[in-house]
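Topology and contacts: notes
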Amino acid sequence: MPGAGAVLGVDVGGTGIKARLTGADGLVLDETRVPTPRDDPAATTLAVVVADLVAGALRHGPLDAVGLVTPGVVDEASGSVVLAVNLGWQDVPVRAVVQAELGRRGIDVPVAFGHDVRAGALAEVRAGGPDLARGSVAFVPVGTGLASALVIDGVVVPGGGWAGEIGQVRLPSGPHTGLRVEEIASAGGVARRSGAATAHAAMLLVRAGDPTATAVWHECIGALADALAWTTAVAGCHTIVVGGGLAESGALLFDPLRTAVAERLAGVRVPAIVPARHGDAAGAIGAALLARAHVRPDVVVSA
């Protein structure tokens, strides 16, 4: 019966793609990570990669649906990405391109399409219990880029164009005037500016006392704190869930970040700033939830 089988959640990130296959009972059947194609302005190479992932999932048995989520300014209704800076996409009908590749291979499976951060927010709020299912909660993954999603009383607020694209705001003053926030306050930005291969490698340099990496780290925390403070002031968040690769740094990130946000919100209620429960898998888990809802319209996509 429809909705009784497995679903595949595919989260396209700026550097990597995470896929998670789950059964009807929620049991994880398989997980795969592959690099995100580069120099792929029409998403045609991505479509091949996603089709390969779907074909691999089908080896485990029937597949009811695929949930595909991407970064950028996403139009869920049309299945298009209006703009994804880190992927070089502009007005790309990603869902249609992927469906065409699946059709070329004779694979007939519905594709639900969405935004990676909003999907991740859905997964995190569902896992967080009643405390995250009430009031205003922000989900902010700090990965290759930086974006946010807002959840009100357990329901993810729809995007509506540029909503949540906090990383695209230009810094108006200071030594980095004119740069986008995510060029300073993201895992990708920290790695590039530290001269490290990854944000994890940059974090190790900070722990070792490297002066360049340490300066970059503190600048990241400052820019991120600014973004979180304004998000809190506008949306009244009682909790901010921070995910993505940088959140795996633990206390090295969270202790100074909490202090910096509190300093910026003197006289205003300071939100709890907590690490994501799902780590960098939140987007793939949320994509699977979207896929499940696509074949089971009676399932409400909320917390």
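Calculation notes
- Residues numbered from 1 in each chain as written.
- Predicted model: local features only at pLDDT ≥ 70, side-chain atom pairs only at ≥ 80, totals over all residues.
- Heavy atoms only, no water.
- Salt bridge = Lys/Arg side-chain N within 4 Å of Asp/Glu carboxyl O.
- Buried < 20%, exposed > 50% of the residue type's maximum accessible area, 1.4 Å probe, protein only.
- Helix = DSSP H or I, 4+ residues; strand = E, 2+ residues; numbered from the N terminus.
- Pairing = 2+ DSSP bridges.
- Axes fitted to C-alpha atoms, helices over the stretch in contact; angles between N-to-C directions.
- 1 Å grid on protein atoms, 1.4 Å probe; cavity = no way out; pocket = protein on both sides within 12 Å on 5 of 7 lines; lining within 4 Å.
- Points joined across faces, edges and corners; volume = space filled by probe spheres on them.
- Nonpolar A, V, L, I, M, F, W, Y, C, P; charged D, E, K, R; others polar.
- Expected span 1.5 Å × (residues − 1).
- Polar contact = N/O pair within 3.5 Å; in protein donor to acceptor, adjacent residues only side chain to side chain.

Considering the pattern of salt bridges
Applying the stated rule across the entire model yields 12 salt bridges. A salt bridge links K18 to D11; the nearest nitrogen and oxygen atoms lie 3.9 Å apart. Per residue, the accessibility class of K18 equals that of D11, and both read buried. Among the ionic pairs, R258 bridges to D255, the shortest N-O distance being 3.7 Å. Here R258 pairs with D255, and both are found in helix α8 (residues 251-264), just 3 residues apart, close to one helical turn. Each of the salt bridges in this network shares a partner with another, and the network as a whole consists of D52, E101, R104 and R105.

Here we look at the sheet that holds strand β6 (residues 80-84)
Read across the sheet, 3 strands follow the order β5-β6-β7 without closing on themselves; strand pairing throughout is antiparallel. Where the open sheet ends on each side, the last strands, each with one partner, are β5 (73-75) and β7 (89-92). For this sheet, the mean inter-axis angle between neighbouring strands, taken without regard to orientation, is 15°. Of the pairings in the sheet, the one linking β5 to β6 comprises 3 bridges and is antiparallel in character. When the bridges of β6 are listed, D75 appears paired with S80.

Regarding the layout of surface pockets
Regions of empty space are outlined by a rolling probe, equal in size to a water molecule, passed over the atoms. Roughly 650 Å³ of internal volume is contained in the second largest pocket. Contributing to the lining of the second largest pocket are 31 residues, with I166, D226, A227, W230 and T231 lying nearest its centre. Mapped onto the lining of the second largest pocket, the elements with two or more residues apiece are β10 (149-152), α4 (181-184) and α7 (211-235). In terms of residue count, α7 provides more of the lining of the second largest pocket than any other element does, 10 residues in total. Considering only residue class, the lining of the second largest pocket consists of 18 nonpolar, 9 polar and 4 charged.

Some remarks on α7
Compared with an ideal rise of 1.5 Å per residue, which puts 25 residues at 36 Å, α7 spans 36 Å between its outermost C-alpha atoms and is within 8% of the ideal. Two or three places before T212, at the opening of α7, D210 has a side-chain oxygen 3.2 Å from that residue's backbone nitrogen. G236 sits one or two positions beyond α7 and adopts a positive phi of about 65°.

By themselves, these observations are geometric and do not establish any function.
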